[in-house]
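Working through the structure, step by step
Chain residues, written in single-letter form:
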Amino acid sequence: MIIDIFPTQIICFNFNKHTKYFFRDPGKVDNTPAGWKCNVNSSFPRIPDDDTLVTPDVRDRLKIDIETACNAELVREGLMPCEIFTFWYNVYHDDQSQERHDHMDGRRPVFLSGVYYSKNPTPTTFYPTSTHFRSIRYRGIERSGIRESMYDLYHFHPTEGQIILFPPYLEHEVLNRQEHQKPQGRLTFSFNLVLSDA
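Let me begin by describing the structure that accompanies this report. (Residues numbered from 1 in each chain as written. Predicted model: local features only at pLDDT ≥ 70, side-chain atom pairs only at ≥ 80, totals over all residues. Heavy atoms only, no water.)

Turning our attention to the pattern of salt bridges. Considering all chains together, one arrives at eleven salt bridges under this definition. Asp60 is paired through a salt bridge with Arg59; the nearest N and O atoms lie 2.8 Å apart. The structure contains a network of salt bridges with shared partners spanning Asp49, Arg59 and Asp60. (Salt bridge = Lys/Arg side-chain N within 4 Å of Asp/Glu carboxyl O.)

So this is what it looks like as structure tokens:
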């Protein structure tokens, strides 16, 4: 018998208002936030009022709709409702990517982080919280019953309109888009959820 101890779980569901939102492709733009070591068009840490891709009314409506959808899913899973603390978008074109990072925020404890895959999704690559497992790995262990605890990484392959929620400490990255040969821009909305005060 194999017992899973401390598994890292991701919540995945379809955004019920996905078809209500359409965003034009802005083309390839390098709007990389200070301190990031990549090339991406990002509005991090928030979408400003004068943004050229998302107008304030659409931003506010989308944020409410995503928060409502997330809370419905959290309550269904027996968890407390949350509110979105930070909300931004990332657009990736050919040879654009985002380096490995987490969503830990020193301003307020983040309960869960999330990504809404709005358009032309490509994988998000997640990494285990520790690499100590490598000390017991040997050739052929990938065919054993404990293979899932031996993975160096996990490629989550989303479909358009999906939302995922994951622990903020879980490191992840978006690999170079040329590897996935998507002709259009990959558009995602990322956010951090904090427990509601109410």
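Following the structure, the description resumes.
So, on to the packing of aromatic side chains. The final tally for this structure, using the stated rule, is eleven aromatic pairs. Ring geometry for Phe15 versus Tyr116: centroids 4.9 Å apart, planes at 70°, classification edge-to-face. Placement of the pair is Phe15 in the loop between strand S1 (11-14) and strand S2 (41-42) and Tyr116 in strand S5 (residues 112-119), with a sequence separation of 101 residues. The buried category is assigned to Phe15, whose relative accessible area is 4%. The class for Tyr116 is buried, based on a relative accessible area of 0%. Seen from their ring centres, Phe126 and Phe166 are 5.2 Å apart, and the 70° between their planes marks the pair as edge-to-face. In this pair, Phe126 sits in strand S6 (residues 124-126) while Phe166 sits in strand S8 (residues 162-166), placing the two residues 40 residues apart along the sequence. Taken together through their ring pairs, the aromatic side chains of Phe15, Tyr21, Phe23, Phe87, Tyr89, Tyr116 and Phe189 make up a single cluster. Its guanidinium or amino end placed over the ring of Tyr127, Arg100 lies 3.9 Å from that ring's centre, counting from NZ or CZ. (Phe/Tyr/Trp six-rings, centres within 6.5 Å; stacked < 30°, edge-to-face > 60°. Helix = DSSP H or I, 4+ residues; strand = E, 2+ residues; numbered from the N terminus. Buried < 20%, exposed > 50% of the residue type's maximum accessible area, 1.4 Å probe, protein only. Lys NZ or Arg CZ within 6 Å of the ring centre and 35° of its normal.)

Don't take any of this as a statement about function, it's just geometry.
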